[in-house]
Amino acid sequence: MTTQFGPASGEWKTRPFHGTVATVGPALIYSGLDLDDPDEDGNEEESESAAHPAIDIGRAQGMDYVEVSQGSRRARFETGPLGKPFAALNSCSDDLLRSWGLDLEKHCSLSRRGGMDQPPAHHSQDRSRLPHEGPA
């Protein structure tokens, strides 16, 4: 499946999952889709920025449809300029971070992504010593 926010973006290879939205019903739900240009294979390029990602509203204003395709089937939703809806999404994301108790200003100015310098002491690289998970 591919998705395009157009005409100001390229196409992304995407893998939405089926779900249900309380006020809408059955839906395709996308996770982690951003509006940066995909690489030449249609995959999203990982941002180098550690800061809280925000959608570029100027760029979104140049997007006036969402197109989804699978094989030869294609559906285009003529949305009109997406600047205002994506500005609302940016605001919602900021509010979500605040609701988690994060300092938004500090989060937006991160210099690097968080992570472990070393795996925890109980972590073993020898997977044969871990209990088997899933069907045999």
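For the structure, see preceding data.
Summary of the structure given here. Because the structure is predicted, anything quoted here is derived from the model rather than measured. (Residues numbered from 1 in each chain as written. Predicted model: local features only at pLDDT ≥ 70, side-chain atom pairs only at ≥ 80, totals over all residues. Heavy atoms only, no water.)

### Structural notes on the side chain of Ser69
How we decide: Put simply, DSSP marks the helices as runs of H or I at least four residues long and the strands as runs of E at least two long, and each gets a number from the N terminus on. Polar contacts here mean pairs of N or O atoms no more than 3.5 Å apart (in protein, one a potential hydrogen donor and the other a potential acceptor; neighbouring residues in sequence count only if both atoms are side-chain atoms). In this description, contact between two residues means that some pair of their heavy atoms is separated by no more than 4.5 Å.
Turning to its location among the elements, Ser69 is positioned in strand E5 (residues 65-70). Here the side chain of Ser69 touches Thr2 through a polar contact of 2.4 Å, side chain to side chain. For Ser69, the contacting residues outside a window of four places in its chain are Met1, Thr2 and Arg74.

### Side note on the sheet that holds strand E2 (residues 11-13)
This is how the line gets drawn: When DSSP finds at least two bridges between two strands, those strands are taken to pair. Whenever a helix is involved, its axis is fitted only over the stretch in contact; in every case the axis is a line through C-alpha atoms, and angles between N-to-C directions fall within 0 to 180 degrees.
Sheet architecture is open: 4 strands sit in the order E2-E1-E5-E6, paired in antiparallel fashion. Of all strands in the sheet, those with a lone pairing partner are E2 and strand E6 (73-78), marking the two edges. Averaged over all pairs of adjacent strands, the angle between their axes in this sheet comes to 20 degrees, without regard to strand direction. Pairing analysis gives 5 bridges linking strand E1 (residues 2-6) to E5, with the strands arranged antiparallel. Across the sheet, the residue bridging to Phe5 is Val66, located in E5.

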